[in-house]
Amino acid sequence: MPTADLPLFPLSTVLFPGGLMSLRIFETRYLDMIRDCARHGSGFGVCVILAGNEAGDPAVPAAVGTLAHIVDFHVLSDGLLGIHARGSERFHVQRTHVRDNGLIHGDVAFRAESGIEPVPPEFTLLATILERFHEKAGGEHAQVERGHYDDAAWVGYRLAEALPLDRADQQRLLQLDDPIDRLKLLMYLLPRFQNA
């Protein structure tokens with residue numbers, strides 16, 4: 001499988017395909033990365049941190065991450081750059097290298113997503129829970145077309161964002177290629193939140 005060179009942004013959170021993330025950019029290496037992405041219309045990779053921190057020395061990123069595309073820039077109240085980025089394709093990092101400025105780059109292979117698969121009857125509870133959550137929480141998904149709740153991949157990714165899962169569980173969900181397997185894992189994890 002061919003690989004592509006991608007700048008990586010290790011974070012303490014998981015970005016799922018279709019998800020929206022707000023970031024506050026202050027380190028020079030990431031300001032340069034955002035400038036280059038904006039100039040070339042390219043994206044950057046978001047990977048959860050396995051070891052290290054978001055700021056300072058380069059962190060160790062997880063091997064599976066999500067390509068992010070910048071959808072909006074703004075200046076924050078503290079004068080720093082803020083961006084909104086949307087997740088698209090998942091990728092697997094084959095190898096990494098660190099540039100002179102501390103920015104991690106990865107040779108990545110993109111992972112194919114399955115086509116739209118309907119939510120099987122045994123998992124419709126998950127779609128119902130997600131729809132009720134969006135109705136109460138508001139936000140960008142509150143007015144989404146009802147058909148999205150019949151798409152197993154969309155339901156899995158949005159529910160993985162909505163539930164208060166730890167990073168390890170979110171990463172496990174991101175790494176699964178089969179959307180039905182993702183729903184199975186979510187159904188297994190769901191009892192943790194019944195009294196929440």
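What you are looking at is a predicted structure, and each value in this text was computed from that prediction instead of being measured.

S.K.: Lay out the packing of helix α3 (residues 152–162) against helix α5 (residues 179–189) with the relevant residues and their values.
M.R.: Put simply, α3 and α5 touch, their axes get as near as 8 Å, and they point 40 degrees apart. Overall, the two elements α3 and α5 adopt an arrangement that is oblique. Handedness of the crossing formed by α3 with α5: left-handed. Within the contact between the two elements, α3 uses Ala152, Ala153, Val155, Gly156, Tyr157, Leu159 and Ala160 and α5 uses Pro179, Ile180, Arg182, Leu183 and Leu186.

S.K.: Which residues make up helix α2 (residues 124–137), and what values go with them?
M.R.: Here α2 spans 20 Å end to end across 14 residues, near enough to the 20 Å set by a 1.5 Å rise per residue. The complete set of buried residues in α2 reads Leu126, Ala127, Leu130, Glu131 and His134. Buried residues of α2 fall within an arc of 135 degrees about the axis and therefore sit on the same side. Once α2 ends, the next one or two residues include glycine 138, with phi positive near 75 degrees.

What counts and how
- Residues numbered from 1 in each chain as written.
- Predicted model: local features only at pLDDT ≥ 70, side-chain atom pairs only at ≥ 80, totals over all residues.
- Heavy atoms only, no water.
- Axes fitted to C-alpha atoms, helices over the stretch in contact; angles between N-to-C directions.
- Helix = DSSP H or I, 4+ residues; strand = E, 2+ residues; numbered from the N terminus.
- Parallel < 35°, antiparallel > 145°, perpendicular 65-115°, else oblique.
- Left-handed = near helix turned anticlockwise from the far one by under 90°.
- Contact = heavy atoms within 4.5 Å.
- Expected span 1.5 Å × (residues − 1).
- Buried < 20%, exposed > 50% of the residue type's maximum accessible area, 1.4 Å probe, protein only.
- Arc of directions from axis to C-beta.

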